Amino acid sequence: MALFRALFLALLAGAHAEIPGCKIRITSKALELVKQEGLRFLEQELETITIPELRGREGQFYYNISEVKVTELQLTSSELHFQPEQELVLQITNASLGLRFRRQLLYWFFYDGGYINASAEGVSIRIALHLSRDPTGRIKVSNVSCQASVSRMHAAFGGTFKRVYEFLSTFIVSGMRFLLNQQICPVLYHAGTVLLNSLLDTVPVRSSVDSLIGIDYSLLKDPAVSTSSLDMDFRGAFFPLGQGNWSLPNKAVEPHLQEEERMVYVAFSEFFFDSALESYFQAGGLQLSLVGDKVPHDLDMLLRASYFGSIVLLSPAVLDSPLKLELRVMAPPRCTIKPSGTTISVTASVTIALVPPNQPEVQLSSMIMDARLSAKMTLRGKALRTQLDLRRFRIYSNQSALESLALIPLQTPLKTMLQIGVMPLLNERTRRGVQIPLPEGMDFVNEVVTNHAGFLTIGADLHFAKGIREVIEKNRPASPKDPRASSAPPPSTAAV
């Protein structure tokens, strides 16, 4: 009975699960690039390690070691890999750290001081970043597990008291090694939970696209990590800015990602584009009015000739009034994605009128326009762009079949007007594109678009246009206190 109850609850949860409109897969092919950039960031973070002063006494010798700084990280072996279920793991083995510190020695009335270089060898570090969805729908590093150890240290002492330092080196080096072991993991914990999260804060979650609509890229669940990829399901829904709580039910086919040959794959369902079209419709953005000089001259002449019989019956004061051509989409357009291509179907009303100054406009005709547009998707940087082209066009009257026949001569010139006057305006808007949910500083390159039944996928490679440190410094929150004080785990996190 318990088994059937658990099965029923699982089916019920699946029935109410929201279908993603956008999916992103980062494959193991991207890890080498991410690792190289991550190691540069790691080295910069290790250079911030602050080791307390080391002081002591052996017999009549008083020594003090201070101003210890990590100067470089030298790697022998490193690996970045995915670890199911939600972790990204960096493993460093047999590395070495270059250090520089200030030495001071007092023996009776004799004093010696100066700076010296040292090295920490056999350094092993294992960092696991646990990735999850936070309450706002943003991907976050929710926890960092860290193990670090330094197997040996060496300091090349010199000067007048060289033999004394060599005698004391066992105490000094052992103490420095202990303190260094205690400092590595707190620094890396802060780097993961604070600094890397400030980088992830640059991923758009709910933001405006233009003055009319916005996009919601909320994560629907925690990222799914396998041994070969990291998959993220995003809501991928547009909304009118004036109706923040508006939402469109997603009844489209769920996009699927199966490829792993490229560094990253992005999938968009028909819902992704339908929600954009519906949002523009709800926001009143799918209408166009051309008046006077905005109407192409040849079309103006043709329309006046076509409706000459109606115009001559009007008052003489109206005959030479500017012509108005208004297009108004009657219902939200719909997107259809097939392996053969992507199309958008539009039905709009077309109104032709004269607009005399300081008088009500005089309507000459009203008709219905059915159009089918082809849509070509491209990815540039982080922007998804769409190029529209008018493929099919038909006008007819909603009044009578006889009037529909009379509109046939207008078919070709109106289609030409749309191609010359309207399509460039639409493409200017869609060419700006909408940002894909990637952190600042990362771009797509070498993209390839593939259409499927009900969704499309874009495979691409990644490129770091900015370094991780550069983006973090740009977005670092101002704080008068050292953030490490509140974010570092207990020193026991480090393996001694």
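Residues numbered from 1 in each chain as written. Predicted model: local features only at pLDDT ≥ 70, side-chain atom pairs only at ≥ 80, totals over all residues. Heavy atoms only, no water.

## Points about the pattern of salt bridges
Pairing is possible between side chains that carry opposite charge, provided their charged atoms lie close to one another. In this structure the tally under the stated criterion is 26 salt bridges. Salt bridges linked by common partners bring Glu 18, Arg 206, Asp 216 and Arg 235 together as one network. (Salt bridge = Lys/Arg side-chain N within 4 Å of Asp/Glu carboxyl O.)

## A look at the layout of surface pockets
Taken as a whole, the largest pocket holds about 940 Å³ of empty space. Around the largest pocket, the lining is made up of 38 residues, and of these Leu 277, Leu 286, Leu 388, Leu 426 and Thr 430 lie nearest the centre. Mapped onto the lining of the largest pocket, the elements with two or more residues apiece are helix H4 (270-282), strand S14 (287-291), strand S15 (323-329), strand S17 (341-354), strand S18 (362-380), strand S19 (383-396) and helix H9 (408-431). It is H9 that contributes the most residues to the lining of the largest pocket, 7 residues altogether. Of the residues assigned to the lining of the largest pocket, the class counts are 29 nonpolar, 5 polar and 4 charged. Approximately 210 Å³ is the volume attributed to the second largest pocket. Glu 18, Arg 235, Ala 237, Ser 247 and Leu 248 are, among the 16 residues lining the second largest pocket, the residues nearest its centre. With 3 residues, the top contributor of residues to the lining of the second largest pocket is strand S12 (residues 237-240). For the lining of the second largest pocket, a count of residues per class yields 8 nonpolar, 4 polar and 4 charged. (1 Å grid on protein atoms, 1.4 Å probe; cavity = no way out; pocket = protein on both sides within 12 Å on 5 of 7 lines; lining within 4 Å. Points joined across faces, edges and corners; volume = space filled by probe spheres on them. Helix = DSSP H or I, 4+ residues; strand = E, 2+ residues; numbered from the N terminus. Nonpolar A, V, L, I, M, F, W, Y, C, P; charged D, E, K, R; others polar.)

## Here's the deal with the pairing of S12
Strand residues, when the strand is regular, have side chains that alternate between the two faces of the sheet. The two faces of S12 match: Ala 237 and Phe 239 on one face and Phe 238 and Pro 240 on the other face are all buried. Both strand S9 (residues 213-216) and S12 contribute to a ladder of 4 bridges, which runs antiparallel. Considered in S12, the bridge of Asp 216 is made with Ala 237. (Buried < 20%, exposed > 50% of the residue type's maximum accessible area, 1.4 Å probe, protein only. Pairing = 2+ DSSP bridges.)

## Here's the deal with empty space enclosed by the protein
For the structure on display, the rule yields 2 cavities of 30 Å³ or more. What the largest cavity holds in volume is close to 770 Å³. Along the wall of the largest cavity there are 34 residues; nearest its centre are Val 34, Leu 88, Leu 129, Leu 196 and Leu 199. Per-element tally for the lining of the largest cavity: the top contributor is helix H2 (residues 31-46), with 7 residues. For the lining of the largest cavity, the per-class residue count stands at 31 nonpolar, 2 polar and 1 charged. In this model, the second largest cavity occupies a volume close to 30 Å³. Taken together, Leu 325, Leu 327, Val 350, Met 369, Phe 393, Leu 414, Met 417 and Leu 418 make up the full set of residues lining the second largest cavity. Of all the secondary structure elements, the ones that give two or more residues to the lining of the second largest cavity are S15 and H9.

## Observations concerning the sheet that holds S9
On the basis of which strands lie adjacent, the open sheet formed by 3 strands has the order S8-S9-S12 and antiparallel pairing. Because the sheet does not close on itself, it has two edges, and the strands there are strand S8 (206-208) and S12. Direction aside, the axes of adjacent strands within the sheet are offset by 30 degrees on average. Of the pairings in the sheet, the one linking S8 to S9 comprises 3 bridges and is antiparallel in character. (Axes fitted to C-alpha atoms, helices over the stretch in contact; angles between N-to-C directions.)

## Comments concerning the nonpolar core
Counting 126 residues, the largest nonpolar core has Leu 46, Leu 97, Ile 184, Phe 268, Phe 272 and Leu 384 as the members making the most contacts within it. Contact partners of Ile 184, with chain neighbours within four places excluded, come to Leu 46, Ile 49, Leu 97, Ile 125, Ala 148 and Val 150. (Core = buried A, V, L, I, M, F, W, Y, C linked by side-chain atoms within 4.5 Å. Contact = heavy atoms within 4.5 Å.)

## Points about the pairing of strand S21 (residues 442-451)
For S21 and strand S22 (residues 455-464), the ladder comprises 8 bridges, and the chain directions are antiparallel. The partner of Thr 450 across the bridge, within S22, is Thr 457. Following S21, the chain reverses through 3 residues before pairing antiparallel with S22; Gly 454 in that reversal takes a positive phi of roughly 95 degrees.

## Description of unusual backbone geometry
The phi angle at Asn 94 is positive, at roughly 55 degrees, despite the residue not being glycine. Here Asn 94 lies in strand S5 (residues 87-107). In this structure, Asn 358 takes a positive phi of about 60 degrees despite not being glycine. Tracing the backbone shows Asn 358 in the loop between S17 and S18. Taking relative accessible area as the criterion, Asn 358 reaches 85% and is therefore assigned exposed.

## Details of the confidence of the model for the protein
With 83% of its residues at a pLDDT of 70 or more, the protein shows a mean pLDDT of 83. For residues 6-15, every residue scores under 50 in pLDDT, and the model assigns this stretch 0 contacts once sequence neighbours within four places are set aside. In this model residues 480-486 is a low-confidence stretch, pLDDT under 50, and it forms 5 contacts with partners more than four residues away in sequence or in other chains. (pLDDT = per-residue confidence, 0-100.)

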